[in-house]
Amino acid sequence: MPNVTIVVNGTPRSFEADADMPLLWALRDLLDLRGTKYGCGIGACGSCVAHLDGRAVRTCRVTVAAAQGRAVTTIEGLAAEPVHPLVRAWLAEDVPQCGYCQPGMIMQAAALLAETARPTDAQIDEAMAASVCRCGTYQRVRRAIHRAAEGV
Amino acid sequence: MASNITRRRFLKGIAGLQLGVFASRLDPGALLVRSPRAARPDGGDRGPSGAVARAQADAVPLGVFLAVGADETVTVTVPRPDMGQGPRTSLAMTLAEELEVDWTAVRVRQAPAGEQYGDQTSGGSTSTRVHHAGMLLAGATARVMLIRAAAAAWGVEPGACRAASGAVTHPASGRSLTYGQLAQAAAAVPVPPRSEVSLKSVADYGLVGRPTPRIDNPDLVSGRAVFGSDVRLPGMKVAVLARPPAFGARLASFDESAALAVDGVRQVVRLGSGVAVVADHTWAALAGRDALAAAWEPGPNAGVDDAVVRERLQAALGRLPEAPAGAAVVLDALYEVPYLAHATMEPMNCVADARADRCEVWAPTQAPMPVRSAVAGRLRLAPSAVTVHVVLSGGGFGRRLQSDYAVEAAELSRAIGAPVQVFWTRDDDMRHDYYRPASLHALRGALDAQGRVLMYAHRAALARPGGDLAGAGGDAPWPAGVAGPEQERPPYDLPGVSVEQGNAALPLPTGPWRSVNNTQYTFANEAFLDELAVAAGRDPAEFRRAHVTGARLRAVLDRAVEASGWGGPLPPGHGRGVACFVGYGSYAAQVVELSVSPAGAVRVQRVTCAVDLGVAVNPSTIAAQMEGATVDGLSTALKAGIHVQAGGVVESSFVDYPWLLMDEMPVVEVHVIPSTASPGGLGEVGFPAVSPAVCNAIFAATGRRLRRLPVQVADLAGWTPEVGTPTPPATAEPTVEPTTEPTAEPTAEPGPSPTAAPTAEPAHTIHLPDARRA
């Protein structure tokens, strides 16, 4: 019997899971939404960022019990029509290298733009400072955030 | 079947022409867009639109690397794995350039492991160098065949026809046929010999040289891209392994029943590399591993720690030659760098489906063929019975040149009789790597009274050979003793250069890490060159320029120096440092501008890169790789290092192995020298010069010469503009042999006086960093 219901990208999804299961693994293994990535499992890298009720969270540190009944937005939701300006800006700036951290980067940046429509460099630094990109795309990430803020 | 025979002959001809490989067992069916098991993920088949290309039953192969569809798409089979360095885009661009198709028509298919694709290993910055000419010829040869097919259909001379934008036209009559319409006929055209295939001149390129967004971007930014860890097969299990805490540690006990009691855990299996907990999904496997509570005997390496590493390195250092008579200044210095983990953003993982007589793996690998042979070897199968699907990798940096993670997955799949994904946690990945070797570098340079270099000697000791994690990779054992690595010489015309390498036996597995041993050698060479320049009373950039070995190095040096504002005024506590790197067929110079706070915090403001890599295929990727390599250089210069304790690795995640972050990111400028020379490498070229440029800039800012990475705040603490201003010592310091124990003195003293008066006896100066204490 399903014991967890989460509204994922606008659709209620019910499933059975250990209450302690991190949201990350529910998304990836139970709901087949693998755009959200595992990077460290301790909330240190940001690869697994998604939105919980509109706020950026590290899904490796949020249990399904804590997400029960709440709204989750993943990269798949953000990239669906209407495509979020950040996704378009990311393409325009040719940001990705390996691309693995980029969904988390975009989700973190989307939470920033939701609160601060025209962030300064310092605000970008603050919002993005715990998101690791091992390929070093930061300069382009910054440009893409500014570009999205300016309407792409 | 005449056309099949023709096609087969064509395929063989193309493969032989391009790559010097003769593909005797080519099956044209295998060259279609999709593998026969089309329902399974293979990480490939995407185009600029982001749409996954449909299997096209009518797509016609025109050579190993190309298939033309009736829908006018052309699918380029990319032989090299893409870990972020861009060959899926750049090699497809190269073929499309000569084929004369619009970029929007191009799709890519990732080649599985196979002899027909030539050298498939993405390592040594070779993807463009090895495959550029072949991709040009593959595209041009197919273009000639398409033109000939059209000319035959129209009864006109091929020379009267033109190919452009995916169609052949006959201008005199205005007739036109698309590639999709011509593909079948073209496949039956005899393969033209090389002499009948003309290649465009670089000046006529329209696509090559144009900044082109990566072909996978639409999938990468939407979560659709399939990395290794995203592969799912019907009936697939997920496993994590309890792995030894120290290299050589032996399994003592584990609680299988506790693991099996976890909901979703199905099986516990002992493997060579650890104990696998097999479950229905990842979380169950992780919880099962916790419950397993594996205990380990320390094993033979329990006493190995940082101090032991350093002792063994010290013991492996060769002796420096004596300075020549007549030397006015003799400089000695000892440089030191730690082990590095690759820390790919996506940890190691692999999916395998092993049966009695065959095995398929879905591997995020840099080296498909070595994976194939390693898996075949472990499962006692013929290599032809192993299929390696190459899926996207979340970073590689050399880690995925190894095959351990694939062998382990294949072994486990066979043991459980089901497809399985072996998942590595971050700490599994960081503590079970093939590390960049730690090293020590003793250098001695001698100058005459006029500041001319008389001698340059470099004795390195590298931590090798290292063990092996799963019997499938790592550095080959190196004999202890001294080798003479020619390629590790500085790229300057210096008299009396000698470089020798000793190897210290240590248990940590080692292997290639972005730029391989250029990382350590270039740090020591380019930082010591700075010391020599200062000792000679010369500007470090000008001193390098006076010794460069050729025009291409001089050009990148000049460009980086000029664009950086070298010599321009800076506030107190700021400095610029320059360093160069020549390797992988390319040339790079980088200027780092940074500031040091009185507390010793380093902040990098700007890095100016100039690079000459011959023909520039995709300038956007070139800039990206230089930006990324610069971030790696800064991260390993200022932040990250691997420490050893009790025979294992201390660090476990990005918390204790920190990488550069957004709020530390400097402005990185990339200047590409225009060139028509054949392409050089890219991925590794931007790394080696960064860390020496950092330390040279720190010296310029503070007068402190740091010779140990990563830079420690403690090495700079207490620095103030007053004491930090380089002021020459009144007299030269006493001689210290570099093989003695390091002194505990701080390394605050500035270098020898640029204007030190020549003395009858060589004035030896030695700066030894503190031994790192665990």
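Remember, predicted model here, so these are calculated numbers, not experimental data. Counting from 1, residues in each chain are numbered in the order their sequence is written. Labels follow written order: the first chain is A, the first ligand is 1, and so on. Where local features are concerned, this predicted model is filtered to residues with pLDDT of at least 70; where side-chain atom pairs are given and counted, the filter is 80 or more; whole-chain, interface and lining totals use all residues.

### Some words on the overall build of chain A
Point 1. What counts as a helix is a DSSP run of H or I of at least four residues, what counts as a strand is a run of E of at least two, and both are numbered from the N terminus. Scanning chain A for helices and strands turns up seven helices and five strands.
Point 2. Along chain A, helices and strands appear, N-terminal first, in the series β-β-α-β-β-α-β-α-α-α-α-α.
Point 3. Its C-alpha atoms give chain A a radius of gyration of 15 Å, near enough to 15 Å, the size a compact globule of 152 residues would have.
Point 4. Judged by the C-alpha coordinates and their principal axes, chain A covers about 45 × 30 × 25 Å.
Point 5. As a rule, residues whose C-beta atom has 12 or fewer other C-beta atoms within 10 Å are exposed, those with 20 or more are buried, and those in between are partly exposed; C-beta atoms are placed from the backbone. Expressed as a percentage of its 152 residues, the buried residues of chain A come to 61%.
Point 6. By definition, residues are in contact whenever their C-beta atoms, placed on the basis of the backbone, come within 7 Å of each other. A sequence separation of at least 24 residues applies to 62% of the contacts in chain A between residues at least 6 apart. What the globule rule says is 2.2 Å times the number of residues to the power 0.38, and the radius of gyration is computed from C-alpha atoms.

### Remarks on the confidence of the model for chain B
Residue and element names in this part refer to chain B.
Point 1. A residue's pLDDT is simply how confident the predictor is in it, with values from 0 to 100. In the predicted model, chain B carries a mean pLDDT of 87, and the fraction of residues at 70 or more is 83%.
Point 2. Within the model, the stretch residues 1-57 combines pLDDT values under 50 with 115 contacts to residues more than four positions away or in other chains.
Point 3. Note that pLDDT drops below 50 for residues 723-774; the model gives that stretch 92 contacts with residues more than four away or on any other chain.
Point 4. Interface confidence for the predicted complex, expressed as ipTM, amounts to 0.98; the pTM equals 0.89.

### Focus: helix α1 (residues 23-30) of chain A
Point 1. Burial analysis of α1(A) places seven of its eight residues in the buried class, which makes it a mostly covered element.
Point 2. Buried within α1(A) we find A:L23, A:L24, A:W25, A:A26, A:L27, A:R28 and A:D29.
Point 3. Lining the buried residues of α1(A) we find β2 (11-15), α2 (64-67) and β5 (71-73) of chain A together with α7 (282-292) of chain B.

### Some points on the nonpolar core
All names here are of chain B.
Point 1. In these notes, a nonpolar core means any group of buried Ala, Val, Leu, Ile, Met, Phe, Trp, Tyr and Cys residues linked to one another through C-beta atoms within 7 Å. Among the nonpolar cores identified, the biggest contains 295 residues, and A239 and V361 are the most heavily contacted of them.
Point 2. Looking at this core, the element that brings in the most residues is helix α3 (residues 127-154), giving twelve residues.
Point 3. Setting aside anything within four residues of it in sequence, one finds A239 in contact with A276, V277, V278, A285, L412, V420, V422 and F423.

### Quick word on the sheet that holds strand β22 (residues 574-583) of chain B
All names here are of chain B.
Point 1. Two strands are counted as paired when DSSP detects at least two bridges linking them. Spatially, the four strands line up as an open sheet ordered β22-β23-β24-β27, and their pairing is mixed. What marks the edges here is a single partner per strand, and that holds for β22 and β27 (667-672). Strand-to-strand twist of the sheet, defined as the mean angle between neighbouring strand axes without regard to direction, takes the value 15°. To obtain each axis, a line is fitted to C-alpha atoms, and for helices this fit is confined to the stretch in contact; angles are then taken between N-to-C directions over 0 to 180 degrees.

### Describing the interface of chain B and chain A
Point 1. The interface is formed by 45 residues belonging to chain B together with 46 residues belonging to chain A.
Point 2. Those elements that place two or more of their residues in the side of chain B that touches chain A are α5 (217-220), α7 and α15 (619-638) of chain B.
Point 3. With seven residues, α15(B) is the single largest residue contributor to the side of chain B that touches chain A.
Point 4. In terms of residue class, the side of chain B that touches chain A is built from 20 nonpolar, 16 polar and nine charged. Just so you know the grouping, Ala, Val, Leu, Ile, Met, Phe, Trp, Tyr, Cys and Pro go in nonpolar, Asp, Glu, Lys and Arg go in charged, and all remaining residues, Gly too, go in polar.

### Observations concerning helix α4 (residues 179-187) of chain B
An α-helical segment advances 3.6 residues per turn. Residues three or four places apart therefore align on the same side.
Point 1. Within α4(B) the residues assigned to the buried category are B:Y179, B:G180, B:L182, B:A183, B:A186 and B:A187. Down the axis of α4(B), the sector holding all buried residues measures 150°, keeping them to one side. Starting at the helix axis, one direction is taken to each C-beta atom, and the arc is that of these directions.

### Let's talk about the environment of B:A113
Residue and element names in this part refer to chain B.
Point 1. Relative to the helices and strands, A113 resides in the loop between β4 (106-110) and α3.
Point 2. Taking the number of C-beta atoms within 10 Å as the measure of exposure, A113 has 25 and is therefore buried.
Point 3. Spatially, the C-alpha atom of A113 lies 9.6 Å from that of R80, the residues being 33 residues apart in sequence.
Point 4. Contacts of A113, omitting those with residues within four sequence positions, involve Q120, P368, M369, V371, R372 and V388.

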